[in-house]
Amino acid sequence: MKPRKIFLLPGDGIGVEIMAEARKFIAYMNDELKLGFICEEGLVGGAAYNAHGMPISDGDMRRALAADAILLGSVGGPEWDGVSYDLRPEAGLLRLRKDLQLFANLRPAICYPALASASSLKSDLVEGLDILIVRELTGGVYFGEPKEIIDLGEGQKRAIDTQIYETYEVVRIARVGFELARTRRGHVTSMEKRNVMKTGLLWNEVITAIHAARYQDVILSHMLADAGGMQLVRAPKQFDVIVTDNLFGDLLSDVAAMLTGSLGMLPSASLGSLDEISGKRRAMYEPVHGSAPDIVGKGIANPIAMIASLAMCLRYSFALNIEADRLEKAISAVLDDGLRTADIYVQGMQKVSTSEMGDAILEKFRLISA
Ligand code: IPM
Ligand code: MG
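In short, a report on the structure.

Scoring rules and cut-offs
- Residues numbered from 1 in each chain as written.
- Chains lettered and ligands numbered in written order.
- Predicted model: local features only at pLDDT ≥ 70, side-chain atom pairs only at ≥ 80, totals over all residues.
- Heavy atoms only, no water.
- Pairing = 2+ DSSP bridges.
- Helix = DSSP H or I, 4+ residues; strand = E, 2+ residues; numbered from the N terminus.
- Axes fitted to C-alpha atoms, helices over the stretch in contact; angles between N-to-C directions.
- Contact = heavy atoms within 4.5 Å.
- Phe/Tyr/Trp six-rings, centres within 6.5 Å; stacked < 30°, edge-to-face > 60°.
- Buried < 20%, exposed > 50% of the residue type's maximum accessible area, 1.4 Å probe, protein only.
- Lys NZ or Arg CZ within 6 Å of the ring centre and 35° of its normal.

1. With respect to the sheet that holds strand E9 (residues 219–224)
Line of reasoning, step 1. Reading across from one edge, E2-E1-E3-E12-E11-E4-E5-E10-E8-E9 is the order of the 10 strands in this open sheet, with mixed pairing throughout. Here the strands that pair on one side only, and so sit at the sheet edges, are strand E2 (37–41) and E9. Between one strand axis and the next, the sheet turns through 20 degrees on average, direction left out of account.
Line of reasoning, step 2. In this sheet, strand E5 (residues 130–136) lies alongside strand E4 (residues 104–110) in antiparallel orientation, the contact comprising seven bridges. Within the sheet, the bridge partner assigned to Pro-108 lies in E5 and is Leu-132.
Line of reasoning, step 3. Across the sheet, helix H6 (residues 167–182) is in contact with E4, E5, strand E8 (187–192), E9 and strand E10 (241–244); its angle to E5 comes to roughly 165 degrees.
Line of reasoning, step 4. In the packing of helix H8 (residues 225–234) onto the sheet, the strands contacted are E5, E8, E9 and E10, and the crossing angle to E9 comes to about 105 degrees.

Structure (structure tokens):
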């Protein structure tokens, strides 16, 4: 059996605490299920800045490139507020996404039945929710040049970010969205701002053309991104797959996350294109939430987004679909049992710590896998 190489990047803040939980699952799968994962570990974000003076070292970039999959915790925190823009913790994450060409970011928002009441929305609006946001991740305003602040003198400055999309970038993300829709409920909603942005116009045009040429079996809807945000909180179950750009995807996926009860629940997969020769796809898996500086070190962080990200890793990088399903079932079962970390706690449930939640899910996973 070929070794399965995973590169672990816990990062900063609660990233370290939740990665400790993910490691328990990898150890179990190695020891008991003999799945042969080989893990290396590196530094990213503020942790890398403290050690190397940059948010990810060249050595760790090389190890990331050599791995089959990367599992990342979270980056950033107030400790690095004064660090220059190019060296800030987030720059490490953006470099990983860009250099590995991880253009397709999959952010599923699933509302576990047991959590419907933890959502800020009425439970009947979110119960059974299962949507997938497909966010373009290597283009748009995050990376467009020029990107700068110019001193105009007399106390005035000009800040510039540049939103750029080229046809091929929209084509490849659209294809991911349509292909995934075919495996789900067959409906893609594309979100942009064609009413004020040229990139929105192109986005709309390209998606429409690909749909007509190759994906007529999928239903395509277009929505302006602001209206899309509104519809996400008005009637989220109308959506199946949402395809959108880097910035809108960032915003809309945080909104979608809250529908599920907590930002602590949402995993993500960032995928590159398939290498036709090796049959491999570069991939990184990380929770949608950030490093949560306000709760660091308290042992109360929700590890579910991290564990669910590991499940996505099993599915998309290693085709271990059975194990991935079992892991997701284990999460669901623990929630059914009433265990809750602080972020999803409601009265009458059993409040547990980060590691207690991890252990409980592992125990279920063991039972289901036996
Ligand atoms: C996310 C995060 C990142 C982003 C930050 C940490 C740079 O918010 O993955 O959604 O803006 O993409
Ligand atoms: Mg975000």
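2. Quick look at the packing of aromatic side chains
Line of reasoning, step 1. Considering all chains together, one arrives at five aromatic pairs under this definition.
Line of reasoning, step 2. Between Phe-25 and Phe-365, the aromatic rings sit 6.1 Å apart at their centres with planes inclined by 45 degrees, giving tilted as the arrangement. A residue pair is termed long-range when its members are at least 10 positions apart, and Phe-25 in helix H1 (residues 14–31) and Phe-365 in helix H12 (residues 354–369) qualify at 340 residues.
Line of reasoning, step 3. Given a relative accessible area of 0%, Phe-365 falls into the buried group.
Line of reasoning, step 4. Grouping aromatic residues by their ring pairs yields a cluster made of Phe-25, Tyr-28 and Phe-365.
Line of reasoning, step 5. Sitting over the face of the ring of Tyr-85, Arg-88 holds its NZ or CZ atom 3.8 Å from the ring centroid.
Line of reasoning, step 6. Positioned above the aromatic ring of Tyr-345 is the side chain of Lys-351, whose terminal nitrogen or guanidinium carbon lies 4.7 Å from the ring centre.

3. Things to note about the environment of Ala-91
Line of reasoning, step 1. For Ala-91, the location among the structural elements is in helix H4 (residues 89–99).
Line of reasoning, step 2. Residues Ala-91 and Pro-236 lie 145 residues apart in sequence; the distance between their C-alpha atoms is 32 Å.
Line of reasoning, step 3. Residues within four places of Ala-91 in sequence aside, it is in contact with Pro-55, Tyr-85 and Asp-86.

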